[in-house]
Amino acid sequence: MGAALVVTGAGAWLAATSYATPARTALVGGNVPVDAGATDPRDISANNSPTLARSPVDEARLAIANRVDSPRFSCALHVSSDGGATWDRLDIPLPDGEEPKCFAPDVAFGKDGTLYVSFVTLKGLGNVPNAVWITTAAAGSEQLTAPTKVGGPLQFQVRLAADPNTPGLLYLSWVQAQATGLLAFAETGNPVLLSRSDDGGRSWGDPVRVSDPARLRVVAPSSAVGPDGQLFLLYLDLGDDRLDYAGAHEGRGGEPYDGPWRLVLARSADKGATWTEAVVAGRLVPTERFVVFLPPSPSLAVDRRGAVYVAFVDGRLGDADVWLWRSRDGRSWAPPVRVNDTRQHDATSQYLPKIALAPDGRLDVVYYDRRRDRSNLNNDVSLQSSFDGGRTFTPSTRLSDRSFSSQVGFGSERGLADLGSRLGLIAVDRRAMAVWTDTRAGTEASRKQDLVRAVVDVRRPRDLPEPFDGAIAAAGAIATGFGMALLAAGVIGRRPRLEPIAPGGGSDDE
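Small disclaimer: the values here were computed from a predicted structure and weren't measured. (Residues numbered from 1 in each chain as written. Predicted model: local features only at pLDDT ≥ 70, side-chain atom pairs only at ≥ 80, totals over all residues. Heavy atoms only, no water.)

A. Region of the structure containing the nonpolar core. By size, the foremost hydrophobic cluster in this structure holds 91 residues, and its most contacted members are L263, V310, W325, Y368, L399 and W436. With near-sequence residues (within four places) excluded, W436 lies in contact with N31, Y368, V381, L399, S400, F404, L423, D450, L451, V452, R453 and A454. Judged by nonpolar contacts, the second largest core, of 18 residues, contains A53, L115, V117 and W133. (Core = buried A, V, L, I, M, F, W, Y, C linked by side-chain atoms within 4.5 Å. Buried < 20%, exposed > 50% of the residue type's maximum accessible area, 1.4 Å probe, protein only. Contact = heavy atoms within 4.5 Å.)

B. A look at the layout of surface pockets. Taken as a whole, the second largest pocket encloses approximately 680 Å³ of empty space. The wall of the second largest pocket is formed by 30 residues, among which E288, R289, R370, L416 and A417 lie closest to the centre. Taken together, the residues that form the lining of the second largest pocket break down as 14 nonpolar, ten polar and six charged. (1 Å grid on protein atoms, 1.4 Å probe; cavity = no way out; pocket = protein on both sides within 12 Å on 5 of 7 lines; lining within 4 Å. Points joined across faces, edges and corners; volume = space filled by probe spheres on them. Nonpolar A, V, L, I, M, F, W, Y, C, P; charged D, E, K, R; others polar.)

C. Broad picture of the environment of G389. As for its placement among the helices and strands, G389 is situated in the loop between β27 (378–386) and β28 (397–398). Here the alpha-carbon distance between G389 and D303, two residues 86 residues apart in the chain, equals 9.6 Å. Apart from the residues lying within four places of it in its own chain, the contact partners of G389 are Y309 and R326. (Helix = DSSP H or I, 4+ residues; strand = E, 2+ residues; numbered from the N terminus.)

D. Representation of the sheet that holds strand β24 (residues 337–338) within the structure. Strand order in the open sheet made by the four strands is β21-β22-β23-β24, with antiparallel pairing throughout. Only two strands of the sheet have a single neighbouring strand rather than two, namely β21 (299–302) and β24. Sheet topology places strand β23 (residues 321–327) next to β24; two bridges connect them, and they run antiparallel. Bridging across to β24, L324 finds its partner in V337. (Pairing = 2+ DSSP bridges.)

E. Here's a closer look at the state of the cysteines. Per the stated rule, a full pass over the model turns up one disulfide. Between the sulfur atoms of C75 and its disulfide mate C102 the distance is 1.6 Å. The S-S bond linking C75 to C102 shows a torsion near 90 degrees; that makes this disulfide right-handed. Taken as a pair, C75 in strand β5 (residues 74–80) and C102 in strand β7 (residues 102–109) lie far apart in primary sequence, 27 residues in all. Just as C75 is buried, C102 falls in that class too. (Disulfide = S-S within 2.5 Å.)

F. Geometry of the pairing of strand β9 (residues 128–137). Taken across its ten residues, β9 has nine buried, putting it largely inside the fold. When strand β8 (residues 115–123) meets β9, the two strands line up antiparallel, connected through nine bridges. Bridging across to β9, K123 finds its partner in V128. Where β8 hands over to β9, the hairpin turn is made up of four residues, of which G124 adopts a positive phi near 75 degrees. As paired strands, β9 and strand β10 (residues 148–151) are joined by three bridges and run antiparallel to one another. Considered in β10, the bridge of V132 is made with G151.

G. Broad picture of the packing of aromatic side chains. For the structure shown, the criterion picks out nine aromatic pairs. Between F156 and F293, the aromatic rings sit 4.8 Å apart at their centres with planes inclined by 20 degrees, giving stacked as the arrangement. Here F156 is found in strand β11 (residues 155–162), whereas its partner F293 is found in the loop between β20 (276–284) and β21, with 137 residues between them in sequence. The same class applies to F156 as to F293, namely buried. Taken together, a centroid distance of 5.8 Å and an interplanar angle of 75 degrees make the contact between W261 and F290 edge-to-face. Note that W261 is positioned in strand β19 (residues 261–268) and F290 in the loop between β20 and β21, a separation of 29 residues in sequence. For F290, a relative accessible area of 5% translates into the label buried. Three or more aromatic residues joined by ring pairs make a cluster, and in this case those are F156, F185, Y245 and F293. The lysine or arginine in question, R316, covers the ring of W323, its NZ or CZ lying 4.5 Å from the ring centre. (Phe/Tyr/Trp six-rings, centres within 6.5 Å; stacked < 30°, edge-to-face > 60°. Lys NZ or Arg CZ within 6 Å of the ring centre and 35° of its normal.)

H. Broad picture of unusual backbone geometry. Put simply, S70 and P71 share a cis peptide bond, and its omega is 5 degrees. Within the element layout of this structure, P71 appears in the loop between β4 (62–68) and β5. Unusually for a residue other than glycine, A220 sits at a positive phi of about 60 degrees. By secondary structure assignment, the location of A220 is in strand β17 (residues 218–225). We note that R430 has phi near 75 degrees; this positive angle belongs to a residue other than glycine. Note that R430 resides in the loop between β30 (424–428) and β31 (431–438).

Right, dumping it as structure tokens:
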């Protein structure tokens, strides 16, 4: 049995070299578990793929939804009313007439503070999606409504987005499969579709095809809404990759597909009715195999001026690195920027980035990071920030206070352990909170995974110009409430310590 999560002290200040007066970044407290099972050796649940959301009407109210891969497929929802100092698990109500298999949830807050949760129910021995559901809770309430059915069979990788400008305006995106095989889509041409609700999820419009029909193998859609209501949807085009799409690897680890992938961004100016596309990256070099039902998700963010940011992993330099692409309008793209500050060709992996924008324009990136392990097996989690629109980044800050194995999770017995499809991250002025899948309490046999969060304090360089837009600065004053909520909740001063249960579960290489 691995070691239970132990919360330790804050990290050291790190200095950036980009400015005469350096930016300062430091952990606030230590690592804190989200799921109560992190301290229970009897709980071997594999929690991963967190979505972290914050209410726009109550800065201290947070929610995390995540999937659970083992010992049985399930899903989890945790909420916090004190800025993430403590978390309570809410039971997601299951619909009548369905097998009790909630899976792959997503979460978002509407403009009025309504909490929206989407999930699928699985069916049969193959555990394929049978229906998509939405449940909601009013602002300030922890009482979820009975779920409403909003989609049908074989809808994979369902993601939920709420328009931050219009109460009740929601979007669902997914990959619509026609048939499935063992860890595979049985046919090509399965499209990315999107549906819209104008009434808080009670009714939904007909699905609209987003992906170009010429793109035969598309996965991992996610959407974001710009300041003027323009809708953006990012997805991964696997090209001719039959290894992953058709499950030719039979769920076993090994060398990745040796051809290119593409990142594609679709845009809609009419709330998803019509779409145009632009290729963000045309020759991505794959760095890992994956099960096509549960692909790694590229990350998408849109700032208050409509500029678009995309982050993903790419192996163009011979190993896995985090790259950022940026565009003023989602049509033309500046050359990508390598985010991780490791030496080129250092043969360690930095991957699965998540990006978030603070109201003052700061861009944060969090990712899995193996630079501390020359065998390229043990993960840490790192964060870097940009104060100039993604052109340069501060040196990395280590968020995880203990390294943990990347080989623990669903599929570990086949050498294809799955740490999930995404990380969680929210950013406000001077603060960010990250949530990741941590395996320090697990083993390859138990497959135990827990959700862990960390808060980081990021101070902008004093010689850097202030935010260029008065509206952005004003919005920052609102977001400061979140940072104050963290302080009031005791995240700085109160550091819970969870006693270790047994040694193991990763290398402590401090």
